[in-house]
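# Notes for the structure review
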Amino acid sequence: MLWDIAMKHLWRKKLRSLLTIVGVATSVQMYLTFTGIMVLYRNAINDQIGAFAGKAVVQQQMEKISGSTDFTSSGSSLKPETADALLAWNGIDRPASSKMVYVTIARNLMPYLPPAVLVVGVEPGHEKAFLGGFQVVAGRSTLQNPDEVILGQSAAEYYRPKDQTKPVAVGDSIEIQSQAFVVVGILKPAPQLFSNSVIMPLQTAQTVFDRPGAVSSVILTAASIADLPKLKAEIAARHPELTVSTQEDLQQTANVLLDGMNKFFALIMNSIVVVAIVIVTIVVVVAVMEQRKDIGTLRAVGAGRWSIFGMVAGQALVLSLLGAILALPIAVLLTRWGMSEFGGLSGVLSVWLQTILVAMIVGLLASILPAWQALRVDPLEALRYE
Amino acid sequence: MNAMIETKNVTKTFGMNGVAVEAVRGVDLAVAAGEFVAIVGPSGSGKSSLLHMLGAMDQPTSGEVFFRGRALSGLGDGARTNLRAREIGFIFQTFNLLPMLNAFENVEIVTRFGSLPRAERVSRAREMITLVGLGQRMRHQPRYLSGGERQRVAIARALVNRPGLILADEPTGNLDSKTGTGILELLREVCNREQQTVIMVTHDFRAASYADRVLVLRDGRIRGEAELKGAADTHRTLNQLLELELQ
């Protein structure tokens, strides 16, 4: 009923209203950003795990590797004879199984995610053990010579010469540990672990990084997925010093990590919402103080309490909604960039709706205190101001 | 007499720093429909407190206020607000216009609280603005209006819902004498033309001379009363009342 007066009040204090809207937009934007980070993080971890369907990763017990927060434990070390024995196990698909060595070239800033660049040493001819179903976009997915490498897309960008605008391509030469390698394949877009990988022959990796005979883990692909649990149990019984992780195990570990992260991010996001509420509350409380005489006059000439409440709540709601609308273009950019991460168009719309909903909650909660103050204004207030 | 508004032994006591102050003491008055009554008194005589109770903005400590025969003491906040919206129009000394609204909007907004059908609100507001002589200034905000013009807007606002009663609290208090005279003449005209009941509180006997009846209030009590309407010598009557106030 008095919405037009509410809007005129906001317009009258344009600078203050604008600053409040920017403040709310910033808060909403931070909320969206953290939502996006959570989604990206969750999807990134799940993508890595998804690549290990039907496989068992055998490596050293995790508690024996101190300080490791790497997704693939480059600190793990298996005895060569143990690795060979595992590869000779009954019921495995040998061409799709391999000894592996991992060397981190560049660390990831986020914990528990694959390194930013990772050298993956794999037995030539057994690349499928690591790559699984991932294909190359150019070149080949097999290593035929000791000085060949297959790069993931992020790794190709990492090794781009500074004077070039395009990442390295098939046929280009890159240098690792002062040795030249020829790029024979570039992977298609894939989850981080694969996108960040530099795949080279196992022996080459052991030599280049001065780790003769080193084996970080063994990837075993079961001949039949149904046999995987049995395979896991047998290995675990025979080699209690090792960890055998299937996709399920990795998912469980990831869930624990994600749970903790969710709580951490939820705390941050809730704090952001509280800050937004406080910003709007302060501004509207000040506005009500300035409008006391007007409120008193309106009450004196017959405005009901709920009309006054609506006038004040309207100001808080409009400030919050305009803040959300201002945040939306930035949200569009973020969600476009990570659109696939958000689950396509429906995911993007969900984020937008979430934004508006959060803004409305902020507006409503922020209006409580000032609206209550406004309701308490006596009509006689109108007559006390001289 | 069929009183539009009347009080019976109304008293108002305020507590100030632990001390009880009787602003109004046992006031009995009755104002008939269409009558213009002025309540005159010096500062602190209790006239504003009395006006607040007449306007259902404050409740008496004891006694009763009746509006069209209905006691106001039993009314809740919502009912009193409704009464002010539909039956009572206020004119304040400091005009109390909403600064962010123009003259027309200041009048129109009150129609939302009254009983006028939506379709009539705009035309009624326009009619009242024109009645007070501001037809050409209706899109101007208060800061662009003179004191007299602002008070005219306030008068239009007070009249727009066709209230039974107009209460004016020192309507010329912030105006120069010439402008004040114009306002008083307008009030008088409105009272005559619209058969409007008006109660005006003032400290100025000259302003009071526009009324039909004058009541002198001092120390919260009515000290004197005189009919000016039909009086043979208004000046003499007022002088007698002035002496009463000064005693």
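The structure contained in this document is the topic of the report that follows.

Criteria and cut-off values
- Residues numbered from 1 in each chain as written.
- Chains lettered and ligands numbered in written order.
- Predicted model: local features only at pLDDT ≥ 70, side-chain atom pairs only at ≥ 80, totals over all residues.
- Helix = DSSP H or I, 4+ residues; strand = E, 2+ residues; numbered from the N terminus.
- Rg over C-alpha atoms; globule rule 2.2 N^0.38 Å.
- Contact = placed C-beta atoms within 7 Å.
- Nonpolar A, V, L, I, M, F, W, Y, C, P; charged D, E, K, R; others polar.
- Pairing = 2+ DSSP bridges.
- Axes fitted to C-alpha atoms, helices over the stretch in contact; angles between N-to-C directions.
- Core = buried A, V, L, I, M, F, W, Y, C linked by C-beta atoms within 7 Å.
- Buried ≥ 20, exposed ≤ 12 C-beta atoms within 10 Å, placed from the backbone.

## Structural notes on the overall build of chain B
Of regular secondary structure, chain B possesses 8 helices and 10 strands. Against the globule reference of 18 Å for 247 residues, chain B gives a C-alpha radius of gyration of 18 Å, in line with a compact fold. With respect to the principal axes defined by its C-alpha atoms, chain B has extents near 50 × 45 × 40 Å. Of the contacts made within chain B by residues no fewer than 6 positions apart, 69% connect residues no fewer than 24 positions apart.

## Some details on the interface of chain B and chain A
Taken together, the contact between chain B and chain A spans 20 residues of the former and 19 residues of the latter. Counting residues per element, the side of chain B that touches chain A draws most heavily on helix H2 (residues 77–87) of chain B, at 4 residues. Taken together, the residues of the side of chain B that touches chain A sort by class into 9 nonpolar, 6 polar and 5 charged.

## Overview of the environment of A:Gln60
Structurally, A:Gln60 is set in strand E1 (residues 55–60). Between the C-alpha atom of A:Gln60 and that of A:Ser216, which follows or precedes it by 156 residues, the distance is 7.9 Å.

## Structural notes on the sheet that holds strand E6 (residues 88–91) of chain B
Residue and element names in this part refer to chain B. With mixed pairing, 6 strands are arranged side by side in an open sheet as E6-E7-E8-E3-E9-E10. Each edge of the open sheet carries a strand with a single partner, namely E6 and strand E10 (221–227). The mean angle between the axes of side-by-side strands here comes to 20°, regardless of whether they run parallel or antiparallel. In terms of strand pairing, strand E9 (residues 213–218) meets E10 through 6 bridges, oriented antiparallel. Paired with Val216 across the two strands is Gly224, which belongs to E10.

## Quick look at the nonpolar core
Within the largest apolar cluster, 115 residues are counted, with the highest numbers of intra-cluster contacts made by A:Val24, A:Val28, A:Val280 and B:Val107. The element contributing the most residues to this core is helix H11 (residues 305–337) of chain A, with 11 residues. Here A:Val280 is in contact with A:Thr20, A:Val24, A:Ala316, A:Leu319, A:Ser320, A:Val362, A:Gly363 and A:Ala366, once residues within four sequence places are set aside. Counting 58 residues, the second largest nonpolar core, distinct from the first, contains A:Val122, A:Phe194, A:Leu202 and A:Val244.

## Here's the deal with unusual backbone geometry
Negative phi values dominate among residues other than glycine, just as trans dominates among peptide bonds. Unlike most non-glycine residues, B:Phe95 shows phi in positive territory, near 70°. Assignment of secondary structure puts B:Phe95 in the loop between E6 and helix H3 (103–111).

## Quick look at the sheet that holds strand E1 (residues 3–16) of chain B
Pairing between the strands of a sheet comes from backbone hydrogen bonds, and it takes one of two forms, parallel or antiparallel. Residues and elements named next belong to chain B. Pairing in this open sheet of 4 strands is antiparallel, and the strands run E2-E1-E4-E5 from one edge to the other. Sheet topology places strand E2 (19–32) and strand E5 (70–71) at the edges, where each strand pairs with a single neighbour. When E1 meets E2, the two strands line up antiparallel, connected through 10 bridges. By the bridge assignment, Thr7 is partnered in E2 with Leu29.

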